[in-house]
Amino acid sequence: MHQYIAGKRARGSSGTPYDVIDPATGETVESVELANADDVDRAVAAAGVAFEEWSRATPGERSAVLTKLATLLDAEAAEIAELESRQTGKPIRLSTEFDVPGTVDNTAFFAGAARELAGKAAAEYSPDHTSMVRREPIGVVGSIAPWNYPLQMAAWKILPAIAAGNTIVLKPAENTPLTSLRLAELATEAGAPAGVVNVITGVGREAGEALISHTDVSMVSFTGSSAVGRRVMELASAGPKRIHLELGGKAPFVVLDDADLEAAAHGAVAGALINTGQDCTAATRAYVHRSRFAEFVDRVAALMSAVRLGAPLDPATDQGPLIHRAQQERVAGFVDRARGYGARVVVGGEIPKTDDLIRGSYYAPTLIVDVEQDSEIVQKEIFGPVLVAVPFGGGSAHQGGDDSDLDEAIALANDTPYGLAASVWTRDVHRALHATRAIRSGCVWVNDHIPIISEMPHGGVKASGFGKDMSTYSFEEYTAVKHVMYDLTAKAAKPWHRTVFRDA
């Protein structure tokens, strides 16, 4: 039974089974029953009932639930990490060192943040009144999470929503629902009333669209592709209801001529290959100063060649498979078409054929050069282990004064529809400050790429969406601001009444 509604597991109304497949072997991890619109109705109704109680809980009471949830997650970390790796194919090191600890930390953060949901203090902004601002929960939140980080994305949706006093119905990706279901169970075990956290396992065109358009859902939060994001906006506009979108990315990785090349090369490989490149913030476009370009390409190629592909549960594995065969074919298609229009594959660019990998949806770490800025492989999101390197600027190093090379790099970095994440590599603080201000992105790292922390916001601009996950900034998405004004005069006739009653 693989819906979680009103504090317990339930059968899906569709009766349609769906096999969760291990991408490394093609074997079934578990079979779930898909949800349909009837299940959405039941989950939203349960969330609506629970909202009446949960929205009145004190910040301290909500904090206590989240504190216990963090403890329960930490106690079960090894089992959850293994389940996450089996359903996604991600290396167990990533699950155990990043995904699960990050989720525990996020939960602990929101346990504290739940107690800081304050508006402005009362003040006399009008001579005859005093005002205050309240932050209040919105209601039932309908959230849709992707398959690349199932546990973390479920947490990013659930935690700020319930910390603020909302209730939630989460639809994880149909092929990776298992850790989301477990997270919901643990939330109930931690003391969240039945119906506060609900999970439905269905496909987007049926369960997802029913959730987004449901009249009793007050807010929609979606993480996924920009194309589907546009559909979410269309469906939600009929409400209308609040929308939070974290969409695709095509992160630029800008290496200036004064950068530490060894650090940049390591950062590029780690940033491009994390989670097999299935990360919206992954480094995908390396813009490298021409004077350092050959050195950068050689070093990245050497590092990529040493990356070990293997079984996800093997601690020695550096990179696992892509999520499924269709994604493998998509990545291979991008690379093959790039070859067709003159790109050169420096390393990788193939599906491994060895006996230990052939059953899974693996793709070799790939570095590509000799591409045009307007080419498909530079402009479109690939979502695989592929890094494109492009030179910029003149052949000699920067000598101070005019920095047209930096301006060129920034223009190239901004030259896509996306704006989720970016990085710039330089030893010069002034150039770093200029680049971080000029690059249009929700996050810009300096001399690193990928790290995220619970206290800082995550979210994009342009086609990468709007709104923030993590940090207290996320409460802007999950709360409504209410102005409350009190009269101080205690008089029946107020001075402003003269606009209506002449003799008032």
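As the structure is a prediction and not an experimental result, all values here were calculated from the model.

**With respect to the UniProt feature "active site" (unreviewed entry) in the protein chain**
The feature "active site" (unreviewed entry), as given by UniProt, occupies Glu246 in the numbering adopted here. Relative to the helices and strands, Glu246 resides in strand 11 (residues 242–246). Not counting residues up to four positions away in its chain, the partners in contact with Glu246 are Phe222, Thr223, Gly224, Cys280, Leu420, His458, Ser464 and Asp469.

**What to know about empty space enclosed by the protein**
According to the stated counting rule, one finds four cavities of 30 Å³ or more in the structure shown. Roughly 170 Å³ of internal volume is contained in the largest cavity. Taken together, 16 residues make up the lining of the largest cavity; nearest its centre are Tyr149, Trp156, Asp279, Thr281 and His458. Ranked by the residues each element gives to the lining of the largest cavity, the list is headed by helix 5 (residues 150–163), at three residues. Looking at the lining of the largest cavity residue by residue, the classes come out as nine nonpolar, five polar and two charged.

**Examining unusual backbone geometry**
Note on backbone geometry: most residues besides glycine have negative phi, and most peptide bonds are trans. Omega for the peptide link from Gly239 to Pro240 comes to -10 degrees, which places this bond in the cis form. By secondary structure assignment, the location of Pro240 is in the loop between helix 8 (226–236) and strand 11. Phi at Thr276 is positive, roughly 60 degrees, even though this residue is not glycine. Of note, Thr276 is situated in the loop between helix 9 (261–273) and strand 13 (283–289). Positioned with a positive phi, Met470 is a non-glycine residue whose angle comes to about 60 degrees. Locating Met470 in the fold gives a position in the loop between strand 19 (465–466) and helix 15 (475–478).

**Examining helix 5**
Relative to the 20 Å expected for 14 residues at 1.5 Å per residue, helix 5 spans 20 Å between its end C-alpha atoms, a close match to the ideal helical length. The buried count for helix 5 comes to 14 of 14 residues, which makes it a mostly enclosed element. Within two residues after helix 5, Gly165 carries a phi angle of roughly 100 degrees, on the positive side.

**Re the pattern of salt bridges**
Taken as a whole and assessed by the stated rule, the structure comprises 25 salt bridges. Note that Glu376 and Arg337 form a salt bridge whose closest N and O atoms lie 3.0 Å from each other. Of this pair, Glu376 sits in helix 12 (residues 376–379) while Arg337 sits in helix 11 (residues 325–340), and the two are 39 residues apart along the sequence. Given a relative accessible area of 23%, Glu376 falls into the partly exposed group. Among the salt bridges present, the one from Asp403 reaches Arg431, with a minimum N-O distance of 2.7 Å. Of this pair, Asp403 sits in the loop between strand 16 (386–392) and helix 13 (404–414) while Arg431 sits in helix 14 (residues 429–438); the two residues are 28 residues apart in sequence, bridging distant segments of the chain. Taking the relative accessible area as the measure of exposure, Asp403 reaches 14% and is therefore buried. Residues joined in a network through salt bridges with shared partners are Arg9, Glu76, Arg182 and Glu185.

**Focus on the side chain of Lys250**
Within the secondary structure, Lys250 sits in the loop between strand 11 and strand 12 (251–255). Separated by 3.0 Å, the side chain of Lys250 and the backbone oxygen of Ile377 make a polar contact. Among the polar contacts made by the side chain of Lys250, one reaches the main-chain carbonyl oxygen of Lys380 at a distance of 2.6 Å.

**Details of a nonpolar patch on the surface**
Taken together, the side chains of Trp496, Val500 and Phe501 make up a nonpolar region of the molecular surface, amounting to roughly 390 Å² of accessible area. Taking relative accessible area as the criterion, Val500 reaches 60% and is therefore assigned exposed.

**With respect to the layout of surface pockets**
When its volume is computed, the largest pocket comes out at roughly 890 Å³. Together, 35 residues line the largest pocket, and Trp147, Phe222, Gly224, Ser225 and Val228 are the ones closest to its centre. The dominant element in the lining of the largest pocket, judged by the number of residues it contributes, is helix 8, at six residues. Here the lining of the largest pocket is built from residues that sort into 16 nonpolar, eleven polar and eight charged. Together, 17 residues line the second largest pocket, and Arg93, Ala270, Leu273, Ile274 and Asp318 are the ones closest to its centre. Elements represented by at least two residues in the lining of the second largest pocket include exactly helix 4 (92–113) and helix 9. Here the residues of the lining of the second largest pocket sort into nine nonpolar, five polar and three charged.

**Thoughts on the sheet that holds strand 6 (residues 129–137)**
Spatially, the three strands line up as an open sheet ordered 5-6-20, and their pairing is antiparallel. Two strands close off the open sheet at either side, each with one partner strand: strand 5 (123–126) and strand 20 (479–487). Each adjacent strand pair in this sheet contributes to an overall mean axis angle of 45 degrees, direction not counted. Two strands pair when backbone bridges link them, and strand 5 and strand 6 are joined in this way by two bridges, in the antiparallel orientation. From the neighbouring strand, Ala123 faces strand 6, where its bridge partner is Ser131.

Reading the values: the criteria
- Residues numbered from 1 in each chain as written.
- Predicted model: local features only at pLDDT ≥ 70, side-chain atom pairs only at ≥ 80, totals over all residues.
- Heavy atoms only, no water.
- UniProt positions renumbered as here; feature names shortened; annotations may be inferred.
- Helix = DSSP H or I, 4+ residues; strand = E, 2+ residues; numbered from the N terminus.
- Contact = heavy atoms within 4.5 Å.
- 1 Å grid on protein atoms, 1.4 Å probe; cavity = no way out; pocket = protein on both sides within 12 Å on 5 of 7 lines; lining within 4 Å.
- Points joined across faces, edges and corners; volume = space filled by probe spheres on them.
- Nonpolar A, V, L, I, M, F, W, Y, C, P; charged D, E, K, R; others polar.
- Expected span 1.5 Å × (residues − 1).
- Buried < 20%, exposed > 50% of the residue type's maximum accessible area, 1.4 Å probe, protein only.
- Salt bridge = Lys/Arg side-chain N within 4 Å of Asp/Glu carboxyl O.
- Polar contact = N/O pair within 3.5 Å; in protein donor to acceptor, adjacent residues only side chain to side chain.
- Patch = residues over 30% accessible without salt bridge, like charges linked within 9 Å, V, L, I, M, F, W, Y side chains within 5 Å.
- Areas by Shrake-Rupley, 256 points an atom, 1.4 Å probe, with all protein chains shown as cover.
- Pairing = 2+ DSSP bridges.
- Axes fitted to C-alpha atoms, helices over the stretch in contact; angles between N-to-C directions.

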